[in-house]
Amino acid sequence: MIDFHCHLDLYQNSLTLLSTVAARNIFTLVVTTSPRAWEKTSQIFAGYDNIKVAVGLHPEIAAKKANEQFLLISSISKSRFIGEVGLDGSYKYQETMPLQESIFNKVLIECEKADDKIISIHSKNAASRVLDLVERNCKDSTPVLHWFSGTTQEARRAVALGCWFSIGPAMLSGAKGRALLLELPLEKILPETDGPFANYRSVPLMPWEAIGISDTLASVWGTTKDNIDTQMQHNLMTLIYNERVKKELKND
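Presented here is an overview of the structure given in this document. Keep in mind it's a predicted model, so treat the numbers as computed, not measured. (Residues numbered from 1 in each chain as written. Predicted model: local features only at pLDDT ≥ 70, side-chain atom pairs only at ≥ 80, totals over all residues. Heavy atoms only, no water.)

### Some thoughts on the pattern of salt bridges
Should their charged atoms come close, side chains of opposite charge can pair. With the rule as written, the count across this model stands at 10 salt bridges. Ionic pairing is found between Glu68 and Arg36, a salt bridge with its closest N-O pair at 3.9 Å. With Glu68 in the loop between β3 (51-54) and α3 (69-75) and Arg36 in helix α2 (residues 35-44), this residue pair connects regions lying 32 residues apart in the sequence. Residues Asp132 and Arg157 are paired through a salt bridge, measuring 2.8 Å at the closest nitrogen-oxygen approach. (Salt bridge = Lys/Arg side-chain N within 4 Å of Asp/Glu carboxyl O. Helix = DSSP H or I, 4+ residues; strand = E, 2+ residues; numbered from the N terminus.)

### Re the sheet that holds β3
Spatially, β1-β2-β3 is the arrangement adopted by the 3 strands of the open sheet, whose pairing is parallel. Unpaired on one side and paired on the other, β1 (2-6) and β3 mark the two borders of the sheet. Across the sheet, the mean angle from the axis of one strand to that of its neighbour is 10°, orientation sign disregarded. Bridging between strand β2 (residues 27-31) and β3 involves 4 bridges; their strand directions are parallel. Across the sheet, the residue bridging to Val30 is Val53, located in β3. (Pairing = 2+ DSSP bridges. Axes fitted to C-alpha atoms, helices over the stretch in contact; angles between N-to-C directions.)

So this is what it looks like as structure tokens:
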């Protein structure tokens with residue numbers, strides 16, 4: 001099982017869950033909301049090879065954590081995985097959009113300097129602007145759009161730019177999410193939960209429940225759940241290993 005975007009450090013019983021997640025999932029990407037949280041979580045979660053902790057600064061708290069920008073940028077070279085970063089254009093955060101854009105732009109530029117970064121990106125109500133910055137700055141880095149909720153046209157643009165997508169049961173619970181799924185290439189999809197923020201029947205989704213998307217994916221692509229599970233594992237290996245090989249060959 002795979003969870004390519006969760007906030008394991010923010011579950012109430014995160015330390016108790018840690019060993020269970022490591023045993024049940026073949027890979028879990030723990031995204032952080034601030035670089036200081038990343039420092040602490042990386043230390044606490046050390047020792048689990050199949051749990052990776054990404055350094056990030058969530059756009060919703062850009063103003064609150066603006067003083068951690070330097071730490072964020074200086075930490076990018078220390079982690080292959082970056083996230084959660086991006087933009088949030090919701091009404092509540094519109095006043096901080098210039099700051100959000102400044103931080104996100106710096107992150108993408110630094111990722112290119114460091115080479116071969118995988119970036120888990122928040123794009124709620126800001127998909128077009130996120131894609132503008134991705135198009136301008138992401139050449140060697142790989143953008144993974146988390147819980148993408150843009151328009152059909154924005155989805156097609158993201159695909160054309162080579163973006164990947166992490167998709168969870170919560171996204172596919174709505175008609176819009178299922179409709180967007182039709183625009184995305186199966187070979188560039190990975191499961192996520194966004195737990196503990198995403199939930200099912202008021203209970204936070206657990207990292208091993210991300211694969212709950214398999215039934216919907218199997219129905220859309222006319223195949224079996226087992227084939228989808230195999231495809232998700234293949235996608236993970238492609239993203240983590242084959243993308244790096246492609247870039248190395250390109251640079252030779």
